[in-house]
Amino acid sequence: MHSRRMTREGAPPAAADEVDEALAWRNRVALRLLRAFAAIFALSLVLIVATMHGHRERIGLMIAAIAALAIVGVPAVTGRPSGAARAWLVIAPAMVVPIFGFMFAGFLSGPGVSLTVTLLLAGLLLGPRAMIGLTLFALAAISLVAWAIVTKHLPPPNPHDHDMTLALPWARSLTVTFLAISVFGGSMIAVVARMERSLRLARQETRLRERAEQARAEAERAALESKQLELVGRLAAGVAHDFNNSLTVIIGNAELIRHDLGARGEELDLAEGILHSSRRLAELTKQLLAYSRKARMVKTPIDLHAVVRGTLSLVRRSAHPNLEIVTRLDAPSATVSADVTLIESAILNLFVNAIDAMPDGGTLTIATTAVILSVDAGEAKGMAPGPALRLEVRDTGAGIAPDVLPHIFDPFFTTKPVGGGTGLGLAAVAGTIKAHGGKVEVESAVGAGATFRVFLPAGEPRAAATPAPIEEAVRGDGHILLVEDDAMVSLTAVATLESLGYRVTRAADGEAATELVRAQPRGFDLVLLDLRMPGWSGEETFTRMRAIVPALKVLVWSGYAAEQDVGGMLARGAVGFVQKPYRVAELSRAIARALGKR
C-alpha cells in the first residue's frame, strides 16, 4: 500500500504509529470485504445450483463460483495475507468480472456499477495512485471491447441493443462512467484523507499532552529530588563541621597515642581500634557530603583501571572463599577526570554491595568498555554526549525485587538488617558519579543477580596518573599561626604540629588572628585557618590578613568543604586545603607543600 511504502521509506517516528493505525484500518476493511465476497459467492453457488437446471452455462458458472469462493474464502477465514496482498485479493477479481461482463451482459447493466464500486474501493484500500492506474487499465480494456463490438470483431452482448454497435453511445457511456469514477473517487479519497488527517492531528494532540504530562511529572520528580538533595545537603552541612571537628580530635589524639606507644602491643591495638572506628565515621560523613554533592572535589586525570585493581585488592581479603572475581578491563584507555578519593569510595561501595549480595559466594564480574554516547539513540540521557568509559559491576546474587529497585539510590534506604548498613552507600555512589558528570544505571531480576553500570566522561589518556598513597608523616620547622575556634581541635592540632617539629601560636577567632599578624607581620611562616568560625568567617579573616601581609601563606582547613568557598579562597591565593578529619601524614604533607618543602 502507499501508506506502507511511506513507512518503509522513512516516515518520521512520530507518524509511524499513525501510518500503522491507518494500515490496520484498511486491513480490517479489506478482511470484511473478503468475508462479504465469500458470502456472496457461496450464495451465488447455491442459487446457480437451485435455479439453473438444464442451462448450458450452469457448469461453467458453478466452476467460476467455486473458484472465486476458494480465492476469497481462504484469506477470509485465515486472515492471511495482510496489507497490499489482501487488498489485491479484493480488487483483482472485482476488476476482471466487470470487464468480462461487458462482453456478455451489456455496458449499461450491472458490470458498469460493479466496476465503479471496484475502482472506488481500489482508491480506498490501495491509494490514489493505484486507483488511477486501475482506472486507466479498465478504460483501455473496455475501450478495446467497445472497438471490437463496433467493428464487428465481437458480437454485441444483446443483439436487440442497436446502440451497442455504435461508437457514440459507447463514447458517451464511457465518458460519463469514468468521469463519475474520477469525481466521486477523488472526493471519497479526499474525505477519507481528511478524516485520517483529523484523526492524526487528534492523536498528535493527545501525544503532546501525554508528553507534557510526562515532562511535568519528570520536572516534579526532579524538583522533589533537588529538594531532597537540598535537605540532605543542609543536614550534611550542619552536621559535618561539628562532627568532623570531633573526629579530628579523636583521630589526632589516637595517632599521637599510637606514636607515643611505639610498638607496645595491647595499648597499640586499642589505639588502632579507635582510629579504625573514627575513619569509618569519617567515611559516613563523606558519604553524606557526596550524596548531597557538597563534598569538595579535586579532579585530576586518573587511571580507572588502577583504581579498580587497588580497590579489588582490598575486598579480596574479606571476600568469601567461594567468591570468584572476574575482571575484563577491556577499555583501551581508562583515563577519567575525577577526585580519586571519592571515586575509590564509590567503586568500593559497588564492590561491597555486590559481595554482600552473594553471602555464600558466586561470581563478581568487573568490566570496562569505551563507548560513545549518542543523543539520537537516547544513550546520553543524564550526561553529556560523547566518548565515555563504562564500568560494569555484575554479581550472581539473589537480585533486586521490582518494588525495591526504584529506591536503591534513596538516602538511608536499605534492605539490610539493623546494623548491617546505613543506606548511604548507593546514594553516595549516585551522588558522586553525578557530581563527576556521569550517571549510574542498574539492571536486575530476582534470582538473576544485578548489574550496575557507571558511565564517566572519558579524559585524555596521556595525562592519566594515580596519586601515591599517603603513609609517612613529613617533619618540618617554622612558626605556624593556628586559627581555630574549637578548643579541643585546637589542643589536638597544637600537639600534632609540635610533634612534627613546628612552633605554634593559637588564635581562637579571626579578629585575634588578624591582630597577631598585624603585630608580627614577619613572624609566621604559615597560617592554618579554619573556614567556619563565629564572628569573622575564614574568608573575611583571610582577606584582612592578606591586606596586611600580601605574601602571607594561608592553608585552609575545615570540616565542611563548600566547593565555591574553598575554590574562591584558593583562587585568591590560599596555598591549599585540608579536609577534617585529617590523617597526621596528610596534614604534614599539606604543610610541607605549602612551605615549599619536598
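Source: prediction; values computed, not measured.

Criteria and thresholds
In this convention, every chain numbers its residues from 1, walking through the sequence in written order. Restriction of local features to residues with pLDDT of at least 70 applies here, the model being predicted, together with a cutoff of 80 or more for giving and counting side-chain atom pairs; totals for whole chains, interfaces and linings are based on all residues. Computation of side-chain values: all heavy atoms of the structure, hydrogens and water removed. Strands are runs of DSSP state E lasting at least two residues, helices are runs of H or I lasting at least four, and both sets are numbered from the N terminus onward. Per-residue accessibility, obtained with a 1.4 Å probe over protein chains only, is compared with the maximum for each type, and a residue is labelled buried under 20%, exposed over 50%, and partly exposed between these values. Any two residues whose heavy atoms approach within 4.5 Å at even a single point are treated as in contact. Per-residue and other accessible areas follow the Shrake-Rupley method at a 1.4 Å probe size, with only the shown protein chains counted as cover for residues. Here a Phe, Tyr or Trp ring, Trp counted by its six-membered ring, pairs with any other such ring whose centre lies within 6.5 Å, and the pair is stacked when the planes are under 30 degrees apart, edge-to-face when over 60, and tilted otherwise. Working rule: Lys NZ or Arg CZ, within 6 Å of ring centre, within 35 degrees of ring normal, means a charge sits over the ring. A pair of strands is considered paired only if DSSP assigns at least 2 bridges between the two. Only the stretch in contact is used when fitting a helix axis, every axis being a line fitted to C-alpha atoms; angles between N-to-C directions are given from 0 to 180 degrees. By definition here, a salt bridge exists when the distance from a side-chain nitrogen of Lys or Arg to a carboxyl oxygen of Asp or Glu is within 4 Å. Geometric relationships in this document are graded by angle, where less than 35 degrees denotes roughly parallel, more than 145 denotes roughly antiparallel, 65 to 115 denotes roughly perpendicular, and other angles denote oblique. For a crossing to be left-handed, the near helix must be turned anticlockwise from the far one by less than a right angle; the clockwise case is right-handed. For this classification, Asp, Glu, Lys and Arg are treated as charged, while Ala, Val, Leu, Ile, Met, Phe, Trp, Tyr, Cys and Pro are nonpolar and the rest, including Gly, are polar. Working definition of a nonpolar core: buried Ala, Val, Leu, Ile, Met, Phe, Trp, Tyr and Cys residues. They are joined through side-chain atoms within 4.5 Å. Scored between 0 and 100, pLDDT is the confidence that the predictor attaches to each residue.

S.K.: Just to check I follow, could you spell out the overall build of the protein chain for this structure?
M.R.: Scanning the protein chain from terminus to terminus reveals 16 helices and twelve strands. Per-residue burial over the protein chain gives 43% buried out of 598 residues. Counting contacts in the protein chain only where the partners sit at least 6 residues apart, residues at least 24 apart contribute 73% of the total. Entry remark: accessible area of the protein chain is about 31400 Å², with carbon and sulfur atoms responsible for 60%.

S.K.: Hey, could you run me through the packing of aromatic side chains in this one?
M.R.: By convention here, two paired aromatic rings are described through the distance between centres and the angle between planes. With the rule as written, the count across this model stands at zero aromatic pairs. Taking NZ or CZ as reference, K439 lies 5.1 Å from the ring centre of F455, over its face. Positioned above the aromatic ring of W536 is the side chain of R544, whose terminal nitrogen or guanidinium carbon lies 4.1 Å from the ring centre.

S.K.: Explain the environment of L43 here, please?
M.R.: With respect to the helices and strands, the residue L43 is situated in helix α2 (residues 13-51). Along the primary structure L43 and A65 are separated by 22 residues, whereas in three dimensions their C-alpha atoms are 9.3 Å apart.

S.K.: It is not clear to me how the sheet that holds strand β12 (residues 576-579) should be interpreted in this structure. Could you clarify?
M.R.: The strands making up a sheet associate through backbone hydrogen bonding, with each pair oriented either parallel or antiparallel. Read across the open sheet, the five strands follow the order β9-β8-β10-β11-β12; overall the sheet is parallel. Each of the sheet's edge strands pairs with one partner strand only, and the pair in question is β9 (503-507) and β12. For this sheet, the mean inter-axis angle between neighbouring strands, taken without regard to orientation, is 20°. Here strand β8 (residues 479-483) pairs with β9 via five bridges, running parallel. Bridging across to β9, L482 finds its partner in R506. Here helix α12 (residues 487-499) sits on the sheet in contact with β8, β9, β10 (526-530) and β11 (554-558), set at roughly 165° to β9.

S.K.: In this structure, what is going on with the environment of H436? I would like to understand it.
M.R.: Within the secondary structure, H436 is located in the loop between α11 (425-435) and β6 (439-444). Assessed through its relative accessible area of 4%, H436 is described here as buried. Considered as a pair, H436 and D339 are 97 residues apart in the sequence and their alpha carbons are 8.3 Å apart.

S.K.: Got a minute to help me understand the pattern of salt bridges in this structure?
M.R.: Any two side chains of opposite charge can pair, on the condition that their charged atoms come close. Enumeration according to the criterion identifies nine salt bridges in this entry. Between E392 and R394 there is a salt bridge whose closest N-O contact spans 2.7 Å. Take E392: its relative accessible area is 11%, and that puts it in the buried class. Residues E515 and R518 are paired through a salt bridge, measuring 3.8 Å at the closest nitrogen-oxygen approach. Of the two residues, E515 and R518 are both situated in helix α13 (residues 510-519); the distance of three residues between them amounts to about one turn of the helix. Residue class for E515 comes out partly exposed when judged on its relative accessible area of 41%.

S.K.: Before we go on, may I ask you to explain helix α16 (residues 584-594) in this structure?
M.R.: An α-helix turns once every 3.6 residues. As a result, residues three or four positions apart point the same way. Counted residue by residue, α16 has eight buried out of eleven residues, so it is predominantly covered. Every buried residue belonging to α16 is among V584, A585, L587, S588, A590, I591, A592 and A594, and all of these are buried. Downstream of α16 by a residue or two, G596 has a phi angle that is positive, lying close to 80°.

S.K.: Hey, could you run me through the sheet that holds strand β5 (residues 386-395) in this one?
M.R.: In space, the five strands of this open sheet follow the order β2-β4-β5-β7-β6, with mixed pairing throughout. Strands at the two margins of the open sheet, each flanked by one partner only, are β2 (323-329) and β6. Taken pair by pair, the neighbouring strands of this sheet meet at an average axis angle of 15°, ignoring direction. Running at roughly 30° to β5, helix α10 (residues 340-356) makes contact with β2, β4 (362-373), β5 and β7 (450-457) of the sheet.

S.K.: I keep staring at the packing of α10 against α11 and nothing clicks. Help me out?
M.R.: Two elements in contact, α10 and α11, have axes whose closest approach is 9 Å; the angle formed by their N-to-C orientations is 140°. Between α10 and α11, the angle falls in the class oblique. Crossing of α10 over α11 shows left-handed handedness. Counting all contacts with α10, which are made through L342, I343, A346, N349, L350 and N353, the residues of α11 involved are G425, L426, V429, T432 and I433. In the contact of α10 with α11, the residues fall into seven nonpolar, four polar and no charged.

S.K.: Would you explain the packing of α13 against helix α14 (residues 538-548) in this entry?
M.R.: Two quantities define a packed helix pair, namely the angle between the axes and the distance from one axis to the other. As a packed pair, α13 and α14 sit with axes 10 Å apart at the nearest point and diverge in direction by 10°. Regarding the angle of α13 to α14, the classification is roughly parallel. For the pair α13 and α14, contact is made by G510, A513, T514, V517 and R518 and by T541, R544, M545 and I548, respectively. For the contact of α13 with α14, the per-class residue count stands at four nonpolar, three polar and two charged.

S.K.: Would you explain the nonpolar core in this entry?
M.R.: Proteins that are soluble and globular tend to have nonpolar side chains buried together. Ranked by size, the top nonpolar core spans 39 residues in total, and within it L304, V308, I343, L364 and I366 carry the most contacts. Per-element tally for this core: the top contributor is α10, with eight residues. Residues within four places of L304 in sequence aside, it is in contact with A334, V336, I343, I347, L389 and L391. I480, A493, Y502 and V578 belong to the second-largest nonpolar core, a separate cluster that totals 22 residues.

S.K.: Explain the confidence of the model for the protein chain to me, please; I cannot follow it from the model alone.
M.R.: Atom-level detail of predicted coordinates should not be read off regions where pLDDT is low. With 70% of its residues at a pLDDT of at least 70, the protein chain reaches an overall mean of 75. Here helix α1 (residues 2-8) is the element of the protein chain with the lowest mean pLDDT, 39, and β8 is the one with the highest, 92. In the model, residues 463-468 has pLDDT below 50 throughout and makes twelve contacts with residues more than four positions away in sequence or in other chains.

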